[in-house]
Amino acid sequence: MVALAVLGALGGYLWLKSYLGSEGFLQEVNARISETLEAEAGFSEFSWDGMEVRAPRFTARGANLIRDITLEDLETEVRFSSLLRR
């Protein structure tokens, strides 16, 4: 049972790492950001290093509240404890 739990955890970690680095994840994030900001918005790419993520560029262009935003060299760290607290 312990071996299955370890294999399951390892498999889940590898799947999550693969998904977070995928084009599909980037497209999903960009679509949700565009919808929320009511603008054409998105990150150019994500670069993951463990739980740290970097994005070289973010742009948003719209006709309402947001007209034109460009940000460069963004980085953050994902912490699961924050996700558990909501």
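Here the residue numbers are simple positions, counted from 1 along each chain's written sequence. A pLDDT threshold of at least 70 governs which residues receive local features in this predicted model, and a stricter bar of 80 or more applies before side-chain atom pairs are shown or counted, although totals over entire chains, interfaces and linings include all residues. Hydrogens and water are ignored here; the side-chain numbers use all heavy atoms of the structure.

Draft legend 1. The arrangement of the pattern of salt bridges in detail. By definition, a salt bridge exists where a carboxyl oxygen of Asp or Glu is found within 4 Å of a side-chain nitrogen of Lys or Arg. For the structure on display, the rule yields five salt bridges. The partner of Glu 75 in a salt bridge is Arg 54, and the shortest N-O contact between them spans 3.8 Å. Highlighted residues: Glu 75 in strand S4 (residues 68-77) and Arg 54 in strand S3 (residues 52-61), separated in sequence by 21 residues. The cut-offs for exposure are 20% and 50% of the maximum accessible area for each residue type, with area from a 1.4 Å probe on protein chains only; residues under the lower value are buried, those over the upper are exposed, and the others partly exposed. The exposed category is assigned to Glu 75, whose relative accessible area is 58%. In this structure, the salt-bridge partner of Arg 61 is Asp 68, at a minimum N-O distance of 3.3 Å. On the accessibility criterion, Arg 61 (44% relative accessible area) is partly exposed. In the salt-bridge network here, residues are joined through shared partners; they are Glu 52, Arg 54 and Glu 75. Helix and strand definitions here come from DSSP, where helices need a minimum of 4 consecutive H or I residues and strands a minimum of 2 consecutive E residues; each element is numbered from the N-terminal end.

Draft legend 2. Fine view of a nonpolar patch on the surface. On the surface, a cluster of nonpolar side chains totalling about 420 Å² of accessible area is made up of Trp 15, Leu 16, Tyr 19 and Phe 80. With respect to the helices, strands and loops of the structure, Leu 16 is situated in helix H1 (residues 2-20). Residues forming no salt bridge and having over 30% relative accessible area are the ones grouped into patches, like charges within 9 Å of each other and nonpolar side chains (Val, Leu, Ile, Met, Phe, Trp, Tyr) within 5 Å. What sets the accessible areas is the Shrake-Rupley method with a 1.4 Å probe; for residues, cover comes only from the shown protein chains.

Draft legend 3. Local environment of the confidence of the model for the chain. For every residue, the predictor states its confidence as a pLDDT score lying anywhere from 0 to 100. This prediction gives the chain a mean pLDDT of 90; 97% of its residues lie at or above 70. When mean pLDDT is taken per element in the chain, strand S1 (residues 40-43) scores highest with 96 and helix H3 (residues 80-85) scores lowest with 70.

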